[in-house]
Amino acid sequence: MDRRVKRTKTAVFNAVMDLMIEKESSKITVRELCQKADINKSTFYLHYKSIDDCIQSCFDIITNGIIEVSKNINYHKIQKDPTDIISRMMDEVEKNIDYLYKFKSSSICAPSLRMLKQKMTDAICKHNNFTLENNYREVMNITYAIAGCIDVILEPLPTFDKANLSAMLINQLKKAQ
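Keep in mind it's a predicted model, so treat the numbers as computed, not measured.

J.: So what exactly am I meant to see when it comes to the overall build of the protein chain here?
T.: Helix and strand content of the protein chain: 10 helices and 0 strands. Seen through its principal axes, the protein chain has C-alpha atoms that stretch 55 × 35 × 30 Å. Across the 177 residues of the protein chain, 43% fall into the buried class. Sequence-distant contacts, at least 24 apart, represent 65% of the contacts inside the protein chain between residues at least 6 apart. The protein chain carries 26 positive and 22 negative side-chain charges, and their two centres are separated by 3 Å.

So, in structure tokens, the structure goes:
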């Protein structure tokens, strides 16, 4: 990626996160975002279609690592020992903890989390060749586990106790078998 593009996207990302603390995401304007990021409107529209596209892009940046981990989850292996997967997921959360905390207070948090949960479920099901029609129980177990894990991680923010959360999630996933 070109240095200028990287600088612009970083500035926009940071500006979005700062503005989301100050106000609801639906009240953020392109003008104020550009002012905060120190870019002009034409630069903004070169990279994004709209303010919603920009905010969703920022959330995608935060969650891409988590989705990548999901793409390699072997359902049967995680049932036996979820330790490695939970550890990798928690590492991704820890890397983005400040951004997740800021995002948690935004008005698009709930719909974006639903989308994240769906993307994770789809990635795991695709990797394991599961379909709802043929693997209903497995898909429901995956859906339940993902929703629980994400909610348990995000609810206590800004407090993040990686060791305790990891141990609790591992125990819960082992019990759910």
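Next comes the rest of the account.
J.: Looking at this model, I keep getting lost on unusual backbone geometry. Mind explaining?
T.: For residues besides glycine, phi is generally negative; the peptide bonds are generally trans as well. Cis peptide bonds are those with omega within 30 degrees of zero, and the linkage from L157 to P158 qualifies with 15°. Its place among the elements puts P158 in the loop between α9 (136–154) and α10 (162–175). A positive phi angle, close to 60°, is found at D38, a residue other than glycine. The residue D38 is located in the loop between α2 (30–37) and α3 (41–47) in this model. Given the relative accessible area of 64%, D38 is considered exposed. The backbone of N129 sits at a positive phi, close to 55°, despite the residue not being glycine. Overall, N129 belongs to the exposed group, its relative accessible area being 67%.

J.: Honestly, α9 in this entry has me stumped. Any pointers?
T.: For an α-helix the count is 3.6 residues per turn, leaving residues at separations of three or four pointing the same way. Across its 19 residues, α9 extends 27 Å between first and last C-alpha, which sits within 8% of the 27 Å expected from 1.5 Å per residue. Among all positions in α9, only V139, I142, I146, C149, I150, I153 and L154 are buried. Considered in projection along α9, the buried side chains sweep an arc of 110° and stay on one side of the axis. The exposed residues of α9 that point more than 90 degrees off its buried face are Y136, R137 and Y144. Buried residues along α9 sit against α5 (75–80), α6 (83–95), α7 (97–104), α8 (109–127) and α10.

J.: Where do I start with the nonpolar core in this structure?
T.: It is characteristic of soluble globular proteins that their nonpolar side chains tend to be buried jointly. Grouped together as the largest cluster of nonpolar side chains are 57 residues, with contacts concentrated most on V12, V16, M17, L33, F44 and F160. The element contributing the most residues to this core is helix α4 (residues 51–70), with 9 residues. Apart from the residues lying within four places of it in its own chain, the contact partners of L33 are V12, A15, V16, L19, I28, F44, I51 and C54.

J.: Can you help me understand the confidence of the model for the protein chain in this one?
T.: Atomic detail in the predicted coordinates should be set aside for any region of low pLDDT. Taken over all residues, the pLDDT of the protein chain has a mean of 89, while the share at 70 or more is 99%. No element of the protein chain has a lower mean pLDDT than α7, which averages 80, and none a higher one than α2, which averages 96.

J.: Teacher, can you tell me more about the packing of aromatic side chains here?
T.: Here a ring pair, both rings aromatic, is described through the centre-centre distance and the interplanar angle of the planes. Considering all chains together, one arrives at 4 aromatic pairs under this definition. Ring centres of F13 and Y99 lie 4.6 Å apart, and the angle between their planes is 80°; this geometry places the pair in the edge-to-face category. Of the two residues, F13 is situated in helix α1 (residues 3–22) and Y99 in helix α7; the sequence distance between them amounts to 86 residues. Using a relative accessible area of 7% as the deciding quantity, one classes F13 as buried. On the numbers, 5.3 Å between centres and 40° between planes, the contact of F44 with Y48 is tilted. Among the residues examined, F44 registers a relative accessible area of 0% and is labelled buried. Members of the aromatic cluster, each reached through a chain of ring pairs, are F44, Y45 and Y48.

Rules behind the numbers
Residues numbered from 1 in each chain as written. Predicted model: local features only at pLDDT ≥ 70, side-chain atom pairs only at ≥ 80, totals over all residues. Heavy atoms only, no water. Helix = DSSP H or I, 4+ residues; strand = E, 2+ residues; numbered from the N terminus. Buried < 20%, exposed > 50% of the residue type's maximum accessible area, 1.4 Å probe, protein only. Contact = heavy atoms within 4.5 Å. Lys, Arg positive; Asp, Glu negative; His and termini not counted. Charge placed at Lys NZ, Arg CZ, Asp CG, Glu CD. Expected span 1.5 Å × (residues − 1). Arc of directions from axis to C-beta. Core = buried A, V, L, I, M, F, W, Y, C linked by side-chain atoms within 4.5 Å. pLDDT = per-residue confidence, 0-100. Phe/Tyr/Trp six-rings, centres within 6.5 Å; stacked < 30°, edge-to-face > 60°.

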